[in-house]
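If you want the building blocks of each chain, they are given just below.
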Amino acid sequence: MEKKLINGHPHIKYEQEVFPLDEVEKRAEEHYEWLNKRRTVRNISDKPVSRSVINNLIKAASSAPSGAHKQPWTFCAVSSPSMKSKIRKAAEKEEYESYKNRMSERWLKDLEPIGTDWNKPFLENAPWLIIVFKKVYESKVETGEKANNYYVNESVGIACGFLISAIHNAGLVTLTHTPSPMNFLTKILERPENERPFLLLPIGYPEDEVYVPDLERKPLEEVAVFYE
Ligand code: IYR
């Protein structure tokens, strides 16, 4: 591997496959078509998924860019039935409160076509739950000093995007579950003080026959503005 010092810091030669423009056109289109097939799936089968699959999904997520390369995330992968059951009970307690008392009429109306409610069976059915924690700061071992991380939400959000894409590529499904408040996850998973729960993703095969809401994605003209 070719190495050199730049401003006194070690650098390695970056190697990336490049393609002629017609090939770039084809790859961009095919990738869009593949990614656009992904749907959030709430009916996750209990069919087992091996730990090595989860290892690679997490490694893919952890390859995301992050502020000053601090990688301010921890992915907690849970397959233990007793732990999943604890998480489900605690999540449903909060979600019951949210759906009954905390969410506005408008919010509930917006969720109607999606069909969510406080029941979260996927938290026990799915073979794996990945709970993503953001690390707001690092504690320096020597001094115990707190060093804030940079762009934590952006970094962890991007890592979750990578994770969702890796799950889709593997032929598995997930959903972005956002129990609120979610400090119960810190307690159940015994996470340290510098970590805050960010997102919960159950992962597995889809059930045999699954229906998802008939939603349309916004066309390019609605989501993009070009300044040429
Ligand atoms: N946190 C709840 C509610 C919920 C909120 C939105 I915005 C959604 O797009 C879906 C659900 C839950 O996870 O069910």
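Heads up: the structure comes first, above all this text.
Residues numbered from 1 in each chain as written. Predicted model: local features only at pLDDT ≥ 70, side-chain atom pairs only at ≥ 80, totals over all residues. Heavy atoms only, no water.

Caption draft 1: Main features of the overall build of the protein chain. A tally of regular secondary structure across the protein chain gives 8 helices and 8 strands. With respect to the principal axes defined by its C-alpha atoms, the protein chain has extents near 60 × 55 × 40 Å. With 228 residues in all, the protein chain has 34% of them scored as buried. Counting only contacts in the protein chain whose residues sit at least 6 apart along the sequence, the fraction spanning at least 24 positions is 78%. Approximately 15500 Å² of the protein chain is accessible, and the part contributed by carbon and sulfur atoms is 52%. (Helix = DSSP H or I, 4+ residues; strand = E, 2+ residues; numbered from the N terminus. Buried < 20%, exposed > 50% of the residue type's maximum accessible area, 1.4 Å probe, protein only. Contact = heavy atoms within 4.5 Å. Areas by Shrake-Rupley, 256 points an atom, 1.4 Å probe, with all protein chains shown as cover.)

Caption draft 2: The pairing of strand E8 (residues 195–204), seen in detail. Burial of E8 is extensive: 8 of the 10 residues sit out of reach of the surface. In terms of strand pairing, strand E4 (residues 128–135) meets E8 through 8 bridges, oriented antiparallel. What sits directly across from Lys134, in E8, is Arg196. Bridge analysis of strand E7 (residues 173–174) against E8 gives 2 bridges, and the strand direction is antiparallel. Residue pairing across strands places Val173 opposite Gly204, the latter belonging to E8. (Pairing = 2+ DSSP bridges.)

Caption draft 3: Fine view of the packing of aromatic side chains. In this structure the tally under the stated criterion is 2 aromatic pairs. Pairing Trp73 with Phe75 gives two aromatic rings, centres 6.4 Å apart and planes at 50°, and the pair type is tilted. Phe75 matches Trp73 in its accessibility class, with the two residues each being buried. Measuring from centroid to centroid gives 5.2 Å for Tyr96 and Trp118, while their planes differ by 80°, and the two rings are edge-to-face. Taken as a pair, Tyr96 in helix H3 (residues 81–102) and Trp118 in the loop between helix H4 (105–111) and helix H5 (122–125) lie far apart in primary sequence, 22 residues in all. Overall, Tyr96 belongs to the partly exposed group, its relative accessible area being 37%. One residue, Lys47, lies across the ring of Tyr205, its end atom 4.2 Å from the ring centre. (Phe/Tyr/Trp six-rings, centres within 6.5 Å; stacked < 30°, edge-to-face > 60°. Lys NZ or Arg CZ within 6 Å of the ring centre and 35° of its normal.)

Caption draft 4: Structural detail: a negative patch on the surface. Together, Asp22, Glu25, Glu29 and Glu33 make up a region of like negative charge exposed at the surface. Topologically, Glu29 is positioned in helix H1 (residues 21–35). (Patch = residues over 30% accessible without salt bridge, like charges linked within 9 Å, V, L, I, M, F, W, Y side chains within 5 Å. Salt bridge = Lys/Arg side-chain N within 4 Å of Asp/Glu carboxyl O. Lys, Arg positive; Asp, Glu negative; His and termini not counted. Charge placed at Lys NZ, Arg CZ, Asp CG, Glu CD.)

Caption draft 5: Structural detail: the packing of helix H2 (residues 51–61) against helix H6 (residues 152–169). Where H2 meets H6, the closest approach of the two axes is 7 Å, and the angle between their N-to-C directions is 140°. Of the possible angle classes, the one that applies to H2 and H6 is oblique. Crossing geometry of H2 relative to H6 is assigned as right-handed. Packed against H2, whose contacting residues are Leu57, Ala60 and Ala61, the element H6 presents Ala159, Phe162, Leu163, Ala166 and Ile167 at the interface. Its residues assigned to classes, the contact of H2 with H6 comprises 8 nonpolar, no polar and no charged. (Axes fitted to C-alpha atoms, helices over the stretch in contact; angles between N-to-C directions. Parallel < 35°, antiparallel > 145°, perpendicular 65-115°, else oblique. Left-handed = near helix turned anticlockwise from the far one by under 90°. Nonpolar A, V, L, I, M, F, W, Y, C, P; charged D, E, K, R; others polar.)

Caption draft 6: Focus on the environment of Ser63. Take Ser63: it is sitting in the loop between H2 and strand E3 (73–78). Taking the C-alpha atoms as reference points, Ser63 and Leu21, separated by 42 residues in sequence, lie 26 Å from one another. Here the side chain of Ser63 touches Ala60 through a polar contact of 2.7 Å, landing on its backbone oxygen. (Polar contact = N/O pair within 3.5 Å; in protein donor to acceptor, adjacent residues only side chain to side chain.)

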